[in-house]
Amino acid sequence: MSVSISGLVGAALGGYLGWLDWKILKGVLQAVEEKNRRAGGDGGLVARYGALLRGLVFVIPIIGFPVIGYLAGSQLAG
C-alpha cells in the first residue's frame, strides 16, 4: 500500500481544521455550562455528561477530519 503525498497534505489540512473545530466546540460547551450556572442551574446536561461530551468533541474532529482529508486528497489528486 503506497502513501499518497496529496493525501498527506489533505490529512494535514484536515488535522488543522479538526484542531480549530475542537477549540471552537470546547468553548461553546464551556459557554453553555457557564450560562446555565449563572442562571441559577446546576450546569445542565453539559455538566452532567461533561467528560463524555468533551471526549466526543475531542476524538471526532481530531481523528475524523484528518482521515476525511487524506481520503479526499488521495481521491482528488489521484
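Residues numbered from 1 in each chain as written. Predicted model: local features only at pLDDT ≥ 70, side-chain atom pairs only at ≥ 80, totals over all residues. Heavy atoms only, no water.

### Focus: the overall build of the protein chain
Secondary structure assignment for the protein chain yields three helices and zero strands. Each helix and strand of the protein chain, ordered N terminal to C terminal, gives the series α-α-α. Here the C-alpha atoms of the protein chain give a radius of gyration of 17 Å, more than 25% beyond the 12 Å that 2.2 N^0.38 yields for 78 residues. Each principal axis of the C-alpha atoms in the protein chain carries an extent, and together these give about 55 × 20 × 10 Å. Counting only contacts in the protein chain whose residues sit at least 6 apart along the sequence, the fraction spanning at least 24 positions is 71%. Carbon and sulfur atoms provide 71% of the accessible area of the protein chain, an area that totals close to 5500 Å². In the protein chain, 7 side chains carry a positive charge and 4 a negative one; their mean positions are 2 Å apart. (Helix = DSSP H or I, 4+ residues; strand = E, 2+ residues; numbered from the N terminus. Rg over C-alpha atoms; globule rule 2.2 N^0.38 Å. Contact = heavy atoms within 4.5 Å. Areas by Shrake-Rupley, 256 points an atom, 1.4 Å probe, with all protein chains shown as cover. Lys, Arg positive; Asp, Glu negative; His and termini not counted. Charge placed at Lys NZ, Arg CZ, Asp CG, Glu CD.)

### Regarding a nonpolar patch on the surface
Residues Val3, Ile5, Leu8, Val9 and Leu13 make up a contiguous nonpolar surface patch of roughly 500 Å² in combined accessible area. Along the polypeptide, leucine 13 turns up in helix α1 (residues 5-38). The class for leucine 13 is exposed, based on a relative accessible area of 53%. (Patch = residues over 30% accessible without salt bridge, like charges linked within 9 Å, V, L, I, M, F, W, Y side chains within 5 Å. Salt bridge = Lys/Arg side-chain N within 4 Å of Asp/Glu carboxyl O. Buried < 20%, exposed > 50% of the residue type's maximum accessible area, 1.4 Å probe, protein only.)

### Looking at the packing of aromatic side chains
The geometry of an aromatic ring pair is captured by the separation of the ring centres together with the interplanar angle, meaning the angle of the planes. Tallied over the entire structure, the rule returns two aromatic pairs. Their ring planes at 80 degrees and their centres at 5.4 Å tell us that tryptophan 22 and phenylalanine 58 sit as a pair that is edge-to-face. Note that tryptophan 22 is positioned in helix α1 and phenylalanine 58 in helix α3 (residues 50-77), a separation of 36 residues in sequence. Phenylalanine 58 sits in the partly exposed class, given a relative accessible area of 38%. (Phe/Tyr/Trp six-rings, centres within 6.5 Å; stacked < 30°, edge-to-face > 60°.)

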